[in-house]
Amino acid sequence: VSGLAAVRWYELRRVAGVWTLYQQGTLANPDGNSRLMGSISMDANGSIALSYDLSGTTSFPSVKYTARNPCDALGAMTLPEQTIINGTAAHTGNTRWGDYNTLCADPSIVGSYWGTSQYNHHITHVYTYSIGNSCNAALISPGTATITSESCSPANGVVDPTETVTVNLCLQNTGAVNTTN
C-alpha cells in the first residue's frame, strides 16, 4: 500500500543442512494505517503468530495480531486482524517508540504466545493470546488477548541514554513440523 509501512515476514526452513526460503508475505491493508514493529513466532505445530503496532492518521498507536496454520495457503496470514489493545493518544515528536517488541510461542501450550509491545507514549504492554491450532478448521479461531501486566517508562517519557537494551530471541527446537498442505 503506497505511503504506508507494512510488515514483511519470512519463513526459512533447513533441509539436509541447507537453509531455504519456504514462504514470505507482506502484511498490509488499504485502511490508511501503517503496520510496523512486527514480532513473529512459530509454535511446535508450525502455526505462526505475528504481533505488530498499528498507527495512522485516524488511529492512535495500537497493538494488533494475526496468525496462520501450517496448512494454510503459503504467504498469507489467514486470521483476520485482532486487537490486543487500542491506543488512546497520539505519539508526537522525535522520541523513540516500539523498538522493543517481542513475541514468543509458549513451549508448554501449543497455540499460545507471549509478547510485549509499546503503544501510546512508551507504555509497554505485556500480553498473552491463544489461537486455534488445527488444520482441520477452515480458519484459525481468534484467541483472546489478555493483559498480564503493564508498565510505563520514566516520568515525562525521558529515557536514560545510557540505558542497556536486552534483546531476547525465542528459539525452540520443534522437531518435525507437519508441512502437509
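Numbers given to residues run from 1 along each chain, matching the order in which its sequence is written. Where totals are concerned, whole chains, interfaces and linings use all residues; where local detail is concerned, this predicted model gives features only for residues with pLDDT of at least 70, and gives and counts side-chain atom pairs only at 80 or more. Computation of side-chain values covers all heavy atoms of the structure but excludes hydrogens and water.

(A) How the structure looks around the overall build of the protein chain. Put simply, DSSP marks the helices as runs of H or I at least four residues long and the strands as runs of E at least two long, and each gets a number from the N terminus on. Regarding its fold elements, the protein chain presents zero helices and 10 strands. Moving toward the C terminus, one meets the helices and strands of the protein chain in the order β-β-β-β-β-β-β-β-β-β. Burial classification: accessible surface area is computed with a 1.4 Å probe over protein chains only, and a residue below 20% of its type maximum counts as buried, one above 50% as exposed, and the rest as partly exposed. In the protein chain, which comprises 181 residues, the proportion classed as buried is 38%. By definition, residues are in contact when any of their heavy atoms lie within 4.5 Å. Across the protein chain, contacts joining residues at least 24 apart in sequence account for 52% of those joining residues at least 6 apart. Computed with the Shrake-Rupley method and a 1.4 Å probe, the accessible areas treat only the protein chains shown as cover for residues. Of the roughly 10,000 Å² that the protein chain leaves accessible, carbon and sulfur atoms contribute 55%.

(B) Structural view of the pattern of salt bridges. The term salt bridge refers to a pairing of a side-chain nitrogen on Lys or Arg with a carboxyl oxygen on Asp or Glu at a separation within 4 Å. Counted under the stated rule, the structure contains three salt bridges. With a closest N to O distance of 2.8 Å, Arg13 and Glu11 form a salt bridge. Just as Arg13 is buried, Glu11 falls in that class too. Note that Asp31 and Arg35 form a salt bridge whose closest N and O atoms lie 2.7 Å from each other.

(C) Expanded view of the packing of aromatic side chains. Each pair of aromatic rings taken from Phe, Tyr and Trp, with Trp reduced to its six-membered ring, is defined by centres within 6.5 Å and is described as stacked if the planes are under 30 degrees apart, edge-to-face if over 60, and tilted in the remaining cases. Considering all chains together, one arrives at three aromatic pairs under this definition. For the pair Tyr65 and Tyr129, a centre-to-centre distance of 3.7 Å together with 15° between the ring planes defines the contact as stacked. With Tyr65 in strand 5 (residues 59-68) and Tyr129 in strand 9 (residues 123-130), the pair connects residues that are 64 residues apart, well separated along the chain. An aromatic cluster of at least three residues, connected via ring pairs, comprises Tyr65, Tyr113, Tyr127 and Tyr129. Any Lys NZ or Arg CZ that is within 6 Å of a ring centre and within 35 degrees of that ring's normal is treated as a charge sitting over the ring. Over the aromatic face of Tyr22 sits the side chain of Arg13, whose NZ or CZ is 3.7 Å from the ring centroid.

(D) Main features of the environment of Tyr127. In this fold, Tyr127 is placed in strand 9. Polar contacts, as counted here, are pairs of nitrogen or oxygen atoms within 3.5 Å of one another; within protein the pair requires one atom able to donate a hydrogen and one able to accept it, and residues that are adjacent in sequence qualify only if both atoms are side-chain atoms. Within polar-contact distance, the side chain of Tyr127 engages the side chain of Ser51 at 3.3 Å.

(E) Molecular detail of the side chain of Ser117. Of note, Ser117 is situated in strand 8 (residues 112-119). Looking at Ser117, its side chain comes within polar contact range of the side chain of Tyr127, at 3.1 Å. Contacts of Ser117, omitting those with residues within four sequence positions, involve Asp53, Val63, Asn101, Ile123, Thr124, His125 and Tyr127.

(F) Spatial organisation of the sheet that holds strand 4 (residues 48-56). Judged by pairing direction, the sheet is antiparallel, and its four strands sit side by side in the order 3-4-5-6 without closing on themselves. Where the open sheet ends on each side, the last strands, each with one partner, are strand 3 (33-42) and strand 6 (82-85). When strand polarity is set aside, the average angle formed by the axes of neighbouring strands in this sheet is 30°. Pairing of strand 3 with strand 4, which is carried by eight bridges, proceeds in the antiparallel orientation. Bridging across to strand 4, Arg35 finds its partner in Leu54. DSSP-based pairing: two strands are paired if at least 2 bridges between them are found. Angles here are taken between N-to-C directions and fall from 0 to 180 degrees, while the axes themselves are lines fitted to C-alpha atoms, restricted in helices to the stretch in contact.

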